[in-house]
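Residue-level structural notes
Residue-level listing of the chains:
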Amino acid sequence: MSEDEKDETMPFTHRPWGTDEPADPFTSPSGASTQPSGPGYQPPPTPPPPMSSPPYGAPQPGPHPDAPSPWGAAPYGAAAWNQTHKGANLSMILGIVALVCLALSPFCFVTFPGVFAAPVAWAKGHRALKEIDASPETFGNRGQAQAGVAMGIIGTVLALLGLLAIVGFVALFVIAASSGA
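In what follows, the accompanying structure is described.

The rules we used
Residues numbered from 1 in each chain as written. Predicted model: local features only at pLDDT ≥ 70, side-chain atom pairs only at ≥ 80, totals over all residues. Heavy atoms only, no water. Helix = DSSP H or I, 4+ residues; strand = E, 2+ residues; numbered from the N terminus. Buried < 20%, exposed > 50% of the residue type's maximum accessible area, 1.4 Å probe, protein only. Contact = heavy atoms within 4.5 Å. Expected span 1.5 Å × (residues − 1). Arc of directions from axis to C-beta. Polar contact = N/O pair within 3.5 Å; in protein donor to acceptor, adjacent residues only side chain to side chain. Salt bridge = Lys/Arg side-chain N within 4 Å of Asp/Glu carboxyl O. Axes fitted to C-alpha atoms, helices over the stretch in contact; angles between N-to-C directions. Parallel < 35°, antiparallel > 145°, perpendicular 65-115°, else oblique. Left-handed = near helix turned anticlockwise from the far one by under 90°. Nonpolar A, V, L, I, M, F, W, Y, C, P; charged D, E, K, R; others polar. Core = buried A, V, L, I, M, F, W, Y, C linked by side-chain atoms within 4.5 Å. Patch = residues over 30% accessible without salt bridge, like charges linked within 9 Å, V, L, I, M, F, W, Y side chains within 5 Å. Areas by Shrake-Rupley, 256 points an atom, 1.4 Å probe, with all protein chains shown as cover.

Let's talk about the overall build of the chain
Of the regular secondary structure elements, the chain holds four helices and zero strands. For the chain, the succession of helices and strands along the chain, N to C, is α-α-α-α. Relative to its full complement of 181 residues, the chain shows a buried share of 17%. Partitioning the contacts of the chain with sequence separation of at least 6, the portion at a separation of at least 24 is 65%.

Pasting the structure below:
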């Protein structure tokens, strides 16, 4: 095999020992390109010229920062809707716990947390609603309180129905046992 045949069969990236390596190992063996290329390459469009004036007129001055709002909301710069009422949040969490526990009660005995959490969720949510309605500009989570009240009512009703069913079954077994003896 001659020297020319070896060169033709070697990959073009092969560099025999003793030749200088390029300074940048990430450059192509055929040399660095100045611009991207390829079959589907299209150069980016030229940017539009800068605008000479605002598109919708000059900006209008706003109201004075300390002026009261015509809608009764907090003035500019005041902390509006930034606080969450902890009672509303707790009410919603207790309502979720109550409904999940009551939903799982046919499968496992986790009814008691639901029985106790539902009325507490109802009461906490009702109290939170009163406090949020007294100062609506301070609290922003009235929906959580409403959800807690709704889930508390549903959970309390389901818990009472479940307790009535348990008492009814126990009474039925007691009657059946006393009449059969």
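After that view, the rundown keeps rolling.
Some remarks on helix α2 (residues 86–104)
End to end, α2 covers 27 Å across 19 residues, agreeing with the expected 27 Å (1.5 Å per residue, within 8%). Within the sequence span of α2, burial applies to Gly 87, Ala 88, Ser 91, Leu 94, Gly 95, Ala 98, Cys 101 and Leu 102. For α2, the arc enclosing every buried residue in end-on projection is 160°, short of the 170-degree limit, so these residues lie on one face. Where α2 is buried, its residues meet α3 (111–134) and α4 (142–180).

Quick look at the side chain of His 85
Inspection of the secondary structure assignment puts His 85 in the loop between α1 (3–9) and α2. With residues up to four places along the chain from it excluded, the contact list for His 85 reads Ala 128, Glu 131, Ile 132, Phe 139 and Asn 141.

As for the environment of Ser 91
Assignment of secondary structure puts Ser 91 in helix α2. Here Ser 91 is in contact with Ala 121, Lys 124, Gly 125, Ala 145, Gly 148 and Val 149, once residues within four sequence places are set aside. One polar contact links the side chain of Ser 91 to the main-chain carbonyl oxygen of Ala 121, over a distance of 2.9 Å.

So, the pattern of salt bridges
A side chain of one charge can pair with a side chain of the opposite charge if their charged atoms are brought near each other. One pass over the structure, following the stated rule, counts one salt bridge. Between Arg 142 and Asp 133 there is a salt bridge; the shortest N-O distance is 2.7 Å.

Describing the packing of α2 against α3
Where α2 meets α3, the axes come as close as 7 Å, and the angle between the chain directions of the two elements is 155°. By the criterion of interaxial angle, the relationship of α2 to α3 is roughly antiparallel. The element α2 and its partner α3 pack so that their crossing is left-handed. Packed against α2, whose contacting residues are Gly 87, Ala 88, Leu 90, Ser 91, Leu 94, Gly 95, Val 97, Ala 98, Cys 101 and Leu 102, the element α3 presents Thr 111, Pro 113, Gly 114, Ala 117, Ala 118, Val 120, Ala 121, Lys 124, Gly 125, Ala 128 and Ile 132 at the interface. Each residue belonging to the contact of α2 with α3 can be placed in one class, and the counts come to 14 nonpolar, six polar and one charged.

A look at the nonpolar core
Counting residues in each nonpolar core, the largest one holds seven residues, listed as Ala 88, Ala 128, Leu 129, Ile 132, Phe 139, Ala 145 and Val 149. Elements supplying a minimum of two residues to this core: α3 and α4. When residues of this core are assigned to their parent elements, the largest contribution, three residues, is made by α3. Among the nonpolar cores identified, the runner-up in size contains five residues, and Leu 94, Ala 98, Ala 117 and Ala 118 belong to it.

Describing α3
Since there are 3.6 residues in each turn of an α-helix, residues three or four apart along the chain are aligned in direction. Look at α3: 35 Å from first C-alpha to last across 24 residues, which is about the 34 Å you get at 1.5 Å a residue. Every buried residue of α3 is listed here: Thr 111, Gly 114, Val 115, Ala 117, Ala 118, Ala 121, Gly 125, Ala 128, Leu 129 and Ile 132.

Overview of a nonpolar patch on the surface
A surface patch of nonpolar side chains, amounting to about 640 Å² of accessible area, comprises Trp 122, Ile 153, Ile 154, Val 157, Leu 158, Leu 161 and Leu 164. With six residues, α4 is the single largest residue contributor to the nonpolar patch. Mapped onto the secondary structure, Leu 161 falls in helix α4.

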